[in-house]
Amino acid sequence: MTKTSVPITVLARTTSSPAHTYQVIVPIDLAQVFKPWGPFPGVAEVRDQTGTWNRPGTSRQTWFTDGSKADERLTEIAEGHGFAYELSGFTNVLAKLISGVRGEWSFLPDGTGTSIRWTYDFRPLPGRRWIVAGPFKPLWARYMRAALTRMVTVVQETPGGIMEE
């Protein structure tokens, strides 16, 4: 994060282990969990993925339900614990607000489950930080929370996720 970036973080908890949560969320079907909400489109599909989504350098294009797209590149993997990626090349209204986004996920043991932390660190274009940090931020946080809630449901419904005693 830089001084001019705008981080937005959401948190959730699942009863599944960190390893299982990681294994389900890293390759999750984005169209299954990113549904349209408020002013934001959902994910329609992913195209042109250059390999399995578990190695830094792998890239893909995320296409949205409004016909726009963004380029995504996996930048970091901490097997079983977290991952990070960069989004850029937006063709929707975000292209007028930001130069890119760094997404970061972490999965931490929490009693009999996992605490999930997901951050989008937006890099506003010059003169646009006030929009991203102001009216945009609470709307995007709600969009992220809705997607994260759906992801937790998928994690908990996927076999093999309950921690053993």
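Throughout what follows, the structure given in this document is the object of discussion.

Conventions used here
- Per-chain numbering applies: the sequence of each chain, read as written, is numbered from 1 onward.
- Two thresholds apply to this predicted model, a pLDDT of at least 70 for residue-level local features and 80 or more for giving and counting side-chain atom pairs, whereas whole-chain, interface and lining totals are computed over all residues.
- To get the side-chain values, all heavy atoms of the structure are used, and hydrogens and water are removed first.
- Classification of ring pairs rests on two measures: the distance between centres of Phe, Tyr or Trp rings, Trp counted by its six-membered ring, which must be within 6.5 Å, and the angle between planes, read as stacked under 30 degrees, edge-to-face over 60 and tilted in between.
- Classification of residues uses two cut-offs on accessible area relative to the type maximum, computed with a 1.4 Å probe and protein chains only: under 20% is buried, over 50% is exposed, and between them is partly exposed.
- For two strands to be treated as a pair, DSSP must find at least two bridges joining them.
- Helical segments are the DSSP runs of H or I of at least four residues, strand segments are the runs of E of at least two, and each set is numbered from the N terminus.
- The angle between two axes is taken between their N-to-C directions and runs from 0 to 180 degrees, where each axis is a line fitted to C-alpha atoms and a helix contributes only its stretch in contact.
- Between two residues, a contact is recorded if the distance between any of their heavy atoms is within 4.5 Å.

1. Side note on the packing of aromatic side chains
Inspection of every chain in the model, using the stated rule, returns 20 aromatic pairs. Ring geometry for Trp37 and Phe40: centres 6.4 Å apart, planes at 15°, overall stacked. On the accessibility criterion, Trp37 (22% relative accessible area) is partly exposed. Overall, the relative accessible area of 11% leaves Phe40 in the buried class. Ring geometry for Trp105 against Phe107: centres 6.1 Å apart, planes inclined by 20°, an arrangement best described as stacked. Judged by its relative accessible area of 5%, Trp105 falls in the buried class.

2. Structural notes on the sheet that holds strand 7 (residues 113–124)
Spatially, the seven strands line up as an open sheet ordered 1-7-6-5-4-3-2, and their pairing is antiparallel. Looking at the sheet topology across the chains shown, the edges are occupied by strand 1 (6–14) and strand 2 (43–47). Strand after strand, the sheet turns through a mean of 25° between neighbouring axes, direction not considered. In terms of strand pairing, strand 2 meets strand 3 (residues 59–64) through four bridges, oriented antiparallel. Residue pairing across strands places Glu45 opposite Trp63, the latter belonging to strand 3. In the packing of helix 1 (residues 18–25) onto the sheet, the strands contacted are strand 1, strand 4 (69–78), strand 5 (82–88), strand 6 (98–110) and strand 7, and the crossing angle to strand 6 comes to about 150°. Sitting on the sheet, helix 3 (residues 129–157) is in contact with strand 1, strand 6 and strand 7, with an inclination near 20° to strand 1.

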